[in-house]
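Analysis of the macromolecular model
Residues per chain are reported as follows:
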Amino acid sequence: MDNKTRHVLECLEEDAKISHEEIATLAGLTIDEVDNIVKELEESGVIRKYKTVIDWDLAGDENVYAIIELEVSLERSIGYLPLVERLYRFPEVRSVRLLSGQYDLSLTVSGKTMKEVAFFVAEKISTLEQVQHTTTHFVLKTYKEDGVILHEQDHVSRLPVTP
Amino acid sequence: MRKACTPSKFVADVMNKVPPSGIRRYFDLASGLEDVISLGVGEPDYVTPWHIREACIHSLECGETSYTSNYGLIELREELADYYAAKYGVNYNPNTEILVTSGVSEALDVAIRAITNPGDEIIVVQPSYVAYVPSVMFAGGVPVIVSTKLENNFKLTAEELEAAITPKTKAVIINYPNNPTGATMGKADLEAIADVVCEHDIMVISDEVYDCLTYNGGHTCFSSLEGMRERTILLNGFSKAYAMTGFRMAYAMASPKIISAMMLIHQYSMLCAPITAQIGAIEALKNGHHEMEKMVRDYDRRRHLIVSGLNRIGLKCFEPKGAFYVFPSVESTGLSSEEFAERLMNEKRVVTIPGNVFGEAGTGFLRCSYATSKDEIEKALERIEAFVNGL
């Protein structure tokens, strides 16, 4: 990846709302160059989506999150994909990851209440044919989300003028 | 009754000749103000990367709290030797040619003292870091100023250097990338300087503390030039590249004779650099590259932002290729550097440093550091624009 592209991506990762004019100033590019780079990145799928990280607890709309570990059985010549495709279509499922180790898959599931999440797992996930075993961990507090620290930031206390 | 003491009588004469740092004055003025945006800070606005802090914490947990060799931990010197060999192709013996110091300031002081006899002339290229001239004076040397110019992009030319050399000249202090201008010197520029240095048989003290902070092109290490290794005292540190200012961690590299002379002063004044900071420096060299590169890319974006903003406002500013300072001219406003900086601070609460603090050559300029957040830079630019429009 060239330096120009990296600058553009880092600007967008830092602030999805940033304008192309601002990126052009920050990266020392023309607006046309930024337009072209962003278009290319969107079309190639490098940029998947422009997203906002929200502290829902702070917003006063608390959701319950749980991490569900799944042990699954695979039939010969059929991989994980058919099961994964069923799992990621549930709107309650926020992320699906294939893991190494004791469990095969990890899901992040959200709901309004613990009961809602528990019923979703019991009725929709555990009952799937390939799912052998589930372990549910409820999230008590999120300190960092998508690289953004929600709890507190490192504080730099600098003198107003230094030698 | 015993005779009364007059302490001032005992202060060495040289102390009365060295003025206090002009930056210090701005520190005092800015300290009492609220809602201040500071572009006066010559240090990264990042906290030292966590893995470096963690290495220090772990070392303390392990009870590593002792003195080290006067030269510094051999592991650190070996890492430094490997780093320079890989990055610049210049080889230093970690046993005899590297001295770990407490900050580049100490390295600079020790280097000057190690080579200066009373009356020796040391050339200082200005605008420059404020410590160079006083350090020469403390060592009993005579500072000889060479002023660089905006029309040469604040580069030192061979002609300017040659014109300042006399039979008493012992060395020249250069600093590229430069504080306060952000100027850099390419390989060809430095080769021309090297020719003059050899021709007149003088030393070079090369302060390369900003070597990692270059944009649009790499840095040329002065001692990597042909024949320059023996003529160079190379100074560098961890403060700027790895956001480790408070660690006071730096080093000098030179031939064994010079390093052993420097070590003698270091041994009797400092003894050794703090071990915890040395452990942090080893971790920085081993695993800090990725974080450092990210910081440099971020500085690069802020550099574009501040240069374009200042030029838009009418404070003409050449594009610096290194360090994290811009050096705009305030001549168009009709104010002197000091008037501009003081009024900007008092009326708009933006702290900058007048260029003349860094020597006569900085008259008519301001030093603005962009090692501060994008939001702060944008706010500062708005306030500067309002100030200039209101003149």
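Residues numbered from 1 in each chain as written. Chains lettered and ligands numbered in written order. Predicted model: local features only at pLDDT ≥ 70, side-chain atom pairs only at ≥ 80, totals over all residues. Heavy atoms only, no water.

If you look chain B up in an unreviewed UniProt entry, it shows as Aminotransferase from Methanolobus sediminis. According to its UniProt record, chain B has this under Sequence similarities (unreviewed entry): "Belongs to the class-I pyridoxal-phosphate-dependent aminotransferase family." (UniProt positions renumbered as here; feature names shortened; annotations may be inferred.)

Per an unreviewed UniProt entry, the recorded name for chain A is Lrp/AsnC family transcriptional regulator, and the organism is Methanolobus sediminis.

Some details on the overall build of chain A
Looking only at helices and strands, chain A features six helices and six strands. Reading chain A from its N end, one meets helices and strands in the order α-α-α-α-β-α-β-β-α-β-β-β. Expected size for 163 residues packed as a compact globule is a radius of gyration near 15 Å; at 21 Å, chain A overshoots this value by more than 25%. Along the first, second and third principal axes, the C-alpha set of chain A runs to 60 × 40 × 30 Å. Partitioning the contacts of chain A with sequence separation of at least 6, the portion at a separation of at least 24 is 58%. (Helix = DSSP H or I, 4+ residues; strand = E, 2+ residues; numbered from the N terminus. Rg over C-alpha atoms; globule rule 2.2 N^0.38 Å. Contact = heavy atoms within 4.5 Å.)

A look at the packing of helix H1 (residues 3-14) of chain A against helix H11 (residues 289-313) of chain B
Contact geometry of H1 of chain A with H11 of chain B gives a least axis separation of 11 Å together with a crossing angle of 85°. Judged by the angle between their axes, H1 of chain A and H11 of chain B are roughly perpendicular. Counted together, Asn3, Arg6, His7, Glu10 and Cys11 of chain A of H1 of chain A and Lys294, Arg297, Asp300 and Arg301 of chain B of H11 of chain B form the full contact between these two elements. Within the contact of H1 of chain A with H11 of chain B, the residues separate by chemical class into one nonpolar, two polar and six charged. (Axes fitted to C-alpha atoms, helices over the stretch in contact; angles between N-to-C directions. Parallel < 35°, antiparallel > 145°, perpendicular 65-115°, else oblique. Nonpolar A, V, L, I, M, F, W, Y, C, P; charged D, E, K, R; others polar.)

Quick notes on the packing of helix H2 (residues 20-27) of chain A against H11 of chain B
For the pair H2 of chain A and H11 of chain B, the least separation of the axes is 6 Å and the interaxial angle reads 100°. Classified by the angle their axes make, H2 of chain A and H11 of chain B are roughly perpendicular. Contacts between H2 of chain A and H11 of chain B involve Thr25, Leu26 and Ala27 of chain A on the former and, on the latter, Asp300, Arg301, His304, Leu305 and Ser308 of chain B. The class makeup of the residues in the contact of H2 of chain A with H11 of chain B is three nonpolar, three polar and two charged.

So, helix H5 (residues 103-115) of chain B
For H5 of chain B, spanning 13 residues, the distance from its first C-alpha to its last is 19 Å, which sits close to the expected 18 Å at 1.5 Å a residue. Along H5 of chain B, the positions that sit buried rather than exposed are Gly103, Val104, Glu106, Ala107, Leu108, Val110, Ala111, Ile112 and Ile115 of chain B. (Expected span 1.5 Å × (residues − 1). Buried < 20%, exposed > 50% of the residue type's maximum accessible area, 1.4 Å probe, protein only.)

Examining a negative patch on the surface
Taken together, the side chains of Glu64, Glu75, Glu78 and Asp82 of chain B present a region of like negative charge at the surface. Following the sequence through the fold, Asp82 of chain B ends up in helix H4 (residues 74-88). (Patch = residues over 30% accessible without salt bridge, like charges linked within 9 Å, V, L, I, M, F, W, Y side chains within 5 Å. Areas by Shrake-Rupley, 256 points an atom, 1.4 Å probe, with all protein chains shown as cover. Salt bridge = Lys/Arg side-chain N within 4 Å of Asp/Glu carboxyl O. Lys, Arg positive; Asp, Glu negative; His and termini not counted. Charge placed at Lys NZ, Arg CZ, Asp CG, Glu CD.)

Some thoughts on the packing of aromatic side chains
Residues and elements named next belong to chain B. If you walk through the whole model with that rule in mind, you get 17 aromatic pairs over all chains. With centroids separated by 5.7 Å and ring planes inclined at 70°, the aromatic side chains of Tyr83 and Tyr84 adopt a geometry described as edge-to-face. For the pair formed by Tyr83 and Tyr84, the shared burial category is buried. Summarising the aromatic geometry, the rings of Phe340 and Phe387 are spaced 5.1 Å apart at their centres and angled 85° between planes, so their arrangement reads as edge-to-face. Linking Phe340 in helix H12 (residues 337-348) with Phe387 in helix H13 (residues 374-389), this pair joins segments that are 47 residues apart in sequence. We classify Phe340 as buried; its relative accessible area is 0%. (Phe/Tyr/Trp six-rings, centres within 6.5 Å; stacked < 30°, edge-to-face > 60°.)

Section: the sheet that holds strand E1 (residues 64-72) of chain A
All names here are of chain A. Read from one edge to the other, the open sheet built from four strands follows the order E2-E3-E1-E4, with strand pairing classed as antiparallel. The open sheet has two edge strands, strand E2 (93-98) and strand E4 (131-138), and neither has a second partner. Sheet twist, expressed as the mean angle between neighbouring strand axes with direction ignored, is 20°. Sheet strands in contact with helix H5 (residues 81-89) are E1, E2 and strand E3 (105-111), and its direction is about 15° off that of E3. (Pairing = 2+ DSSP bridges.)

Some remarks on the UniProt feature "domain: HTH asnC-type" (unreviewed entry) in chain A
Those residues carrying the UniProt feature "domain: HTH asnC-type" (unreviewed entry) are residues 1-62 of chain A in this numbering. Between the end C-alpha atoms of residues 1-62 of chain A there is a gap of 40 Å, over a span that is 61% helix and 0% strand.

Focus on the side chain of Arg77 of chain B
All names here are of chain B. Position of Arg77 among the secondary structure elements: in helix H4. Despite its burial, Arg77 pairs with no opposite charge; the closest candidate is Glu75, at 7.1 Å N-O. Discounting chain neighbours no more than four positions away, the residues touching Arg77 are Ser69, Tyr71, Gly72, Pro94, Asn95, Ile98 and Val100.

Describing the interface of chain B and chain A
Across the boundary between the two partners, chain B contributes 30 residues, which contact 20 residues of chain A. For chain B, the biggest contributors to the area lost against chain A are Phe27, Arg297 and Arg301 of chain B; these three give 31% of the whole. Joining chain B to chain A, the criterion identifies three salt bridges. Close ionic contact of Lys374 of chain B with Glu22 of chain A constitutes a salt bridge, the shortest N to O distance being 3.3 Å. (Buried area = accessible area lost by both parts, 1.4 Å probe.)

Considering the environment of Thr116 of chain B
Residue and element names in this part refer to chain B. As for its placement among the helices and strands, Thr116 is situated in the loop between H5 and strand E3 (121-126). In this structure, the C-alpha to C-alpha distance between Thr116 and Met137, residues 21 residues apart in sequence, is 10.0 Å. If sequence neighbours within four positions are ignored, Thr116 has contacts with Ile122, Ala139, Gly140 and Gly141. In terms of polar contacts, Thr116 uses its side chain to reach the backbone carbonyl oxygen of Ile112, at 2.6 Å. (Polar contact = N/O pair within 3.5 Å; in protein donor to acceptor, adjacent residues only side chain to side chain.)

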